[in-house]
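Residues per chain, in single letters:
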Amino acid sequence: ITVDDDGPADFSEIDSAIVHASCGDTILVKAGNYSHFCMVHLGHWVDTLFIIGAGAESTFVNGLVDISACNFTFCHGEVRGFTFRDSPGGAGVIAWNRCIVRDCVLKNNFYGLRIEHPGIGADWKIYFENNIITDNKIGVKYEVDCYGIGTTDFDTNFVFHNNVVENNLVGFYFDAEFEGCLLPDTIDFSNNWWGTTDSFEIAELIYDSHDTAGMMRTFSFSPYLMDSVLHPDTTYFGVHQNIISNTIYNIRSWFHEFDDPILYDFIENPKLLSYEVSLRAFPNPFNSSCCISMPADATVEIFDLRGNKLWERYPDLDNRHREMSPTNRTFIWRPDKSIPSGIYLIRATFDGQTITRRAILIR
């Protein structure tokens, strides 16, 4: 079955092709722009369907400005080679169970990937590999319900491997709305690259909430990757071998019957949001120079552990400090050769608030 939005093909829209498909069919989608589609239609359930785009760089599924809109809802099949974009009130992809997503880009949505009620049925499996999730409010939302989700099977039924989850406000968000909706006592996020090798900074970007029964969840991130080189030829069950970085929270859980106030305060407050998201130092550790990403109107200071100030930048200064060159809110710190190896503190003040990051210099 072929689909082309402006050329000869069996159908011009993906939804029309799905309605006329049978179990095991392959739908080939040519480069173009398409409306959102759904593999679950009322009265027409297609088990095991393959939808193959011409490539994420040229095959776009565009969202709607609607709180309930999503670009793609599916279960029981495989999708690859698309960009799911521009659903500011909904999700790029909503996945249920027994589904595979590969080689796609999910960007400019409220949720990049929304995993909805996967615990219904004993045989749920979700494979999400070789994708890019970027510029969404929440990269991956994992919804916890009371149908048997995840008490023992999260790491065995969910494969999230070789993906890039960057520049979202929150990387992974675990959400439970009712008492008794629990995840395992330990959720394994080991062997991922977090944008830094500083374990304290990694832990700082993980928010571990607790449910109404006081059961603390634990997200284990150690051991972690020491660089951003992934190994695509090896498949891991669970969330491993991914790049997860440049967020307010790389992981956040919320187990209460009311909305998460901190999360939505960040989302609705652009000043606070850009402040938290953009203060980053990379590479970290570094040898001769370190890039510092921050808001253009932030005051930034760098100290050693004794409290000696080594460098500062004020919003109204341009190029007074020649060791730094402003480029798109990113600055390069090149410490003088007299500055020894060690841990240095980068402190930014923005809109009356202060945040500190650590940078490790290795000569």
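Quantities reported herein were computed from a predicted structural model and do not represent experimental measurements.

K.L.:
Got a minute to help me understand the overall build of the chain in this structure?
P.N.:
Each helix and strand in the chain was counted, giving 5 helices and 32 strands. For the chain, long-range pairs separated by at least 24 residues make up 65% of all intrachain contacts whose partners lie at least 6 apart in sequence. In the structure as shown, the chain presents an accessible area of about 16,000 Å², 53% of it carried by carbon and sulfur atoms.

K.L.:
It is not clear to me how the nonpolar core should be interpreted in this structure. Could you clarify?
P.N.:
Generally speaking, a soluble globular protein has its nonpolar side chains buried in company with each other. Core analysis: the largest hydrophobic core is formed by 45 residues, its most contacted members being Ile14, Ile51, Leu113, Phe160, Phe172 and Phe189. Non-local contacts of phenylalanine 189, meaning those with residues more than four positions away in its chain, are made with Phe172, Phe174, Trp194, Phe219, Ser220, Phe221, Val239, His240, Ile244 and Ile251. In this structure, Cys290, Val300, Ala348 and Ile355 belong to the second largest nonpolar core, which totals 19 residues.

K.L.:
Teacher, can you tell me more about the packing of aromatic side chains here?
P.N.:
For any pair of aromatic rings, geometry is given as the distance between the ring centres together with the angle between the planes. Counting across every chain of the model gives 17 aromatic pairs. On the basis of an interplanar angle of 75° and a centroid distance of 4.8 Å, the ring pair of phenylalanine 110 and tyrosine 111 is categorised as edge-to-face. The buried category is assigned to phenylalanine 110, whose relative accessible area is 13%. When the ring of tyrosine 142 is compared with that of phenylalanine 158, the centres are 5.8 Å apart and the planes differ by 50°; the resulting orientation is tilted.

K.L.:
Even after reading the chapter, I still don't get the pattern of salt bridges, so can you show me in this structure?
P.N.:
Two side chains bearing opposite charge may form a pair once their charged atoms approach each other closely. Counted according to the given criterion, the structure contains 8 salt bridges. As a salt-bridge pair, arginine 102 and glutamate 129 come within 2.8 Å of each other at their nearest N and O atoms. With a gap of 27 residues between them, arginine 102 in strand β12 (residues 99-102) and glutamate 129 in strand β14 (residues 126-129) connect regions that are remote in the sequence. Exposure remark for arginine 102: the relative accessible area of 25% places this residue in the partly exposed category. A relative accessible area of 6% means that glutamate 129 is categorised as buried. Salt-bridge contacts for glutamate 312 lead to lysine 309; the nearest nitrogen and oxygen are separated by 3.0 Å.

K.L.:
Sorry if this is basic, but what is going on with the pairing of strand β2 (residues 26-29) here?
P.N.:
Within a regular strand, side chains alternate between the sheet's two faces. Side chains Ile27 and Val29 of β2 all project onto a buried face; the interleaved residues Thr26 and Leu28 project onto a face where none is buried. Across 2 bridges, the pairing between strand β1 (residues 2-3) and β2 is parallel. Counterpart to threonine 2 in the pairing with β2 is leucine 28. Pairing between β2 and strand β7 (residues 49-53): 4 bridges, direction parallel.

K.L.:
Where do I start with the sheet that holds strand β10 (residues 77-80) in this structure?
P.N.:
Where strands meet in a sheet, backbone hydrogen bonds hold them as pairs that are either parallel or antiparallel. Strand order in the open sheet formed by 8 strands is β1-β2-β7-β10-β12-β14-β17-β23, with parallel pairing between adjacent strands. Every other strand in the sheet has two partners, leaving β1 and β23 (238-240) as the edge strands with one partner each. Of the pairings in the sheet, the one linking β14 to strand β17 (residues 158-161) comprises 4 bridges and is parallel in character. Residue pairing across strands places phenylalanine 128 opposite phenylalanine 160, the latter belonging to β17.

K.L.:
I keep staring at the sheet that holds strand β28 (residues 299-304) and nothing clicks. Help me out?
P.N.:
Taken together, the 4 strands give an open sheet; going across it, the order is β29-β28-β31-β32, and neighbouring strands pair in antiparallel fashion. In this open sheet, the two edge strands, each paired with only one partner strand, are β29 (309-313) and β32 (353-361). Strand-to-strand twist across the sheet, computed as the mean angle between neighbouring axes with direction ignored, equals 20°. In this structure, β28 lies alongside strand β31 (residues 342-350), joined through 6 bridges in antiparallel fashion.

K.L.:
What is the right way to read unusual backbone geometry from this model?
P.N.:
Trans is the prevailing form of peptide bonds, just as negative phi is the prevailing case for residues other than glycine. Cis peptide bonds are those with omega within 30 degrees of zero, and the linkage from serine 222 to proline 223 qualifies with 0°. Residue position: proline 223 is located in the loop between β22 (218-220) and β23. With phi around 60°, aspartate 86 is a residue other than glycine that occupies positive phi space. In this fold, aspartate 86 is placed in strand β11 (residues 83-95). For glutamine 241, which is not a glycine, the phi torsion comes out positive at approximately 60°. A residue is classified by how much of its surface remains accessible, and glutamine 241, at 4% relative accessible area, is buried.

K.L.:
Is there a simple way to think about the side chain of glutamate 312 in this case?
P.N.:
Mapped onto the fold, glutamate 312 is located in strand β29. A relative accessible area of 19% means that glutamate 312 is categorised as buried. There is a polar contact of 3.0 Å between the side chain of glutamate 312 and the side chain of lysine 309.

Thresholds, definitions, all that
- Residues numbered from 1 in each chain as written.
- Predicted model: local features only at pLDDT ≥ 70, side-chain atom pairs only at ≥ 80, totals over all residues.
- Heavy atoms only, no water.
- Helix = DSSP H or I, 4+ residues; strand = E, 2+ residues; numbered from the N terminus.
- Contact = heavy atoms within 4.5 Å.
- Areas by Shrake-Rupley, 256 points an atom, 1.4 Å probe, with all protein chains shown as cover.
- Core = buried A, V, L, I, M, F, W, Y, C linked by side-chain atoms within 4.5 Å.
- Buried < 20%, exposed > 50% of the residue type's maximum accessible area, 1.4 Å probe, protein only.
- Phe/Tyr/Trp six-rings, centres within 6.5 Å; stacked < 30°, edge-to-face > 60°.
- Salt bridge = Lys/Arg side-chain N within 4 Å of Asp/Glu carboxyl O.
- Pairing = 2+ DSSP bridges.
- Axes fitted to C-alpha atoms, helices over the stretch in contact; angles between N-to-C directions.
- Polar contact = N/O pair within 3.5 Å; in protein donor to acceptor, adjacent residues only side chain to side chain.

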